[in-house]
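Spelled out, the chains give:
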Amino acid sequence: MSLGDLFRGRRARQEQAERLYAAVVAHARSPSLYTVCGVPDTLDGRFESIVLHMFLLLHRLKSEGPRDDLRALGTALGECMIVDFDRSLREMGVGDLSVGRKVTFMAESTFGRIAAYDLGFDAGGAGLEAALRRNLYGTVPAPDSVGVALSQAYVRRVADHLAAQPVADILVGKVDFGPPPTASM
């Protein structure tokens with residue numbers, strides 16, 4: 001393998017990750033998450049929604065078992081997210097001197113939440129509900145139980161939808177999270 005092949009491979013993986021991350025963000029911004037499920041339509045709520053959808057995609061990749069190509073794609077996805085955090089903070093006017101510290105905090109928070117969702121997802125109903133309440137609804141003093149239940153059903157439905165997609169499609173940057181949440185889930 002030549003050095004050129006290596007760079008072309010990295011660039012292709014980066015483009016795949018960028019397409020996948022764009023899908024994560026687009027689905028995380030679905031209005032029904034905020035109107036139907038009661039996710040706070042705030043900066044924190046939108047961050048939490050992106051993290052939740054990133055978890056769902058990474059959970060799908062992890063289900064394929066240990067594979068170098070999927071590990072590399074997961075790393076590239078994380079890099080896309082960090083770049084997006086940095087860009088978003090700068091657009092909001094955060095000063096250059098504090099951007100790095102804030103991005104580090106956001107990245108650490110993301111990885112902690114992904115671990116919590118992973119544990120909660122594997123633990124079943126109560127575990128996932130607790131992770132959603134603590135994270136997705138973390139800024140809401142008393143989240144609506146119906147909204148939390150709808151979010152939990154939505155997460156399970158998205159996970160099943162992603163599981164049915166061929167990993168080969170995901171590897172080329174194509175992912176479908178399915179329909180947004182509805183009140184009749």
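Residues numbered from 1 in each chain as written. Predicted model: local features only at pLDDT ≥ 70, side-chain atom pairs only at ≥ 80, totals over all residues. Heavy atoms only, no water.

Undergrad: What's the story with the nonpolar core in this structure? I'm lost.
TA: Within soluble globular proteins, side chains that are nonpolar generally end up buried alongside one another. Tyr21, Leu56 and Phe177 are the most contacted members of the largest nonpolar core, which has 52 residues in total. Elements represented by at least two residues in this core include exactly helix H1 (3-28), helix H2 (31-35), helix H3 (43-62), helix H4 (68-91), helix H5 (96-123), helix H6 (125-134), helix H7 (145-163) and helix H8 (167-171). The element that contributes the greatest number of residues to this core is H3, accounting for nine residues. Not counting residues up to four positions away in its chain, the partners in contact with Tyr21 are Ile50, Met54, Leu77, Cys80, Met81, Asp84 and Phe85. (Core = buried A, V, L, I, M, F, W, Y, C linked by side-chain atoms within 4.5 Å. Buried < 20%, exposed > 50% of the residue type's maximum accessible area, 1.4 Å probe, protein only. Helix = DSSP H or I, 4+ residues; strand = E, 2+ residues; numbered from the N terminus. Contact = heavy atoms within 4.5 Å.)

Undergrad: Please clarify how the pattern of salt bridges should be interpreted in this entry.
TA: Between side chains of opposite charge, a pair can form when the charged atoms approach closely. Using the criterion set out here, one finds 13 salt bridges in the structure. Residue Glu64 is joined to Arg67 by a salt bridge in which the shortest nitrogen-to-oxygen separation is 3.8 Å. Judged by its relative accessible area of 28%, Arg67 falls in the partly exposed class. Residues Asp84 and Arg87 are paired through a salt bridge, measuring 2.2 Å at the closest nitrogen-oxygen approach. Of the two residues, Asp84 and Arg87 both sit in helix H4, three residues apart, roughly one turn of that helix. Where salt bridges share partners, they join Arg60, Glu64, Arg67 and Asp69 into one cluster. (Salt bridge = Lys/Arg side-chain N within 4 Å of Asp/Glu carboxyl O.)

Undergrad: What is the right way to look at the environment of Leu136 in this model?
TA: If you trace the backbone, Leu136 turns up in the loop between H6 and H7. You can call Leu136 buried: its relative accessible area is 3%. When the C-alpha positions of Leu136 and Pro166 are compared, they lie 28 Å apart, and in sequence the two are 30 residues distant. Residues within four places of Leu136 in sequence aside, it is in contact with Val39, Pro40, Glu48, Ser49, Leu52, Tyr117, Ala131 and Ser151.

Undergrad: So what exactly am I meant to see when it comes to the side chain of Gln16 here?
TA: As for its position among the elements, Gln16 is in helix H1. Taking relative accessible area as the criterion, Gln16 reaches 17% and is therefore assigned buried. A distance of 2.9 Å separates a polar atom in the side chain of Gln16 from the backbone oxygen of Leu171. Setting aside its immediate chain neighbours within four residues, Gln16 contacts Leu73, Leu171, Val172 and Gly173. (Polar contact = N/O pair within 3.5 Å; in protein donor to acceptor, adjacent residues only side chain to side chain.)

Undergrad: Would you explain the packing of aromatic side chains in this entry?
TA: The description of an aromatic ring pair uses the distance of the two centres, along with the angle that the planes make with each other. Inspection of every chain in the model, using the stated rule, returns three aromatic pairs. Ring plane angle 40° and centroid distance 5.7 Å describe the contact between Phe55 and Tyr117, whose orientation is recorded as tilted. Taken as a pair, Phe55 in helix H3 and Tyr117 in helix H5 lie far apart in primary sequence, 62 residues in all. By relative accessible area, which is 1% here, Phe55 ends up buried. An aromatic cluster is present here, built from Phe55, Tyr117 and Phe121 joined pairwise through their rings. Here Arg46 stacks its cationic end above the ring of Tyr34, 5.2 Å away from the centre of that ring. Above the ring of Phe121, the side-chain terminus of Arg156 is found at 4.3 Å from the ring centroid. (Phe/Tyr/Trp six-rings, centres within 6.5 Å; stacked < 30°, edge-to-face > 60°. Lys NZ or Arg CZ within 6 Å of the ring centre and 35° of its normal.)

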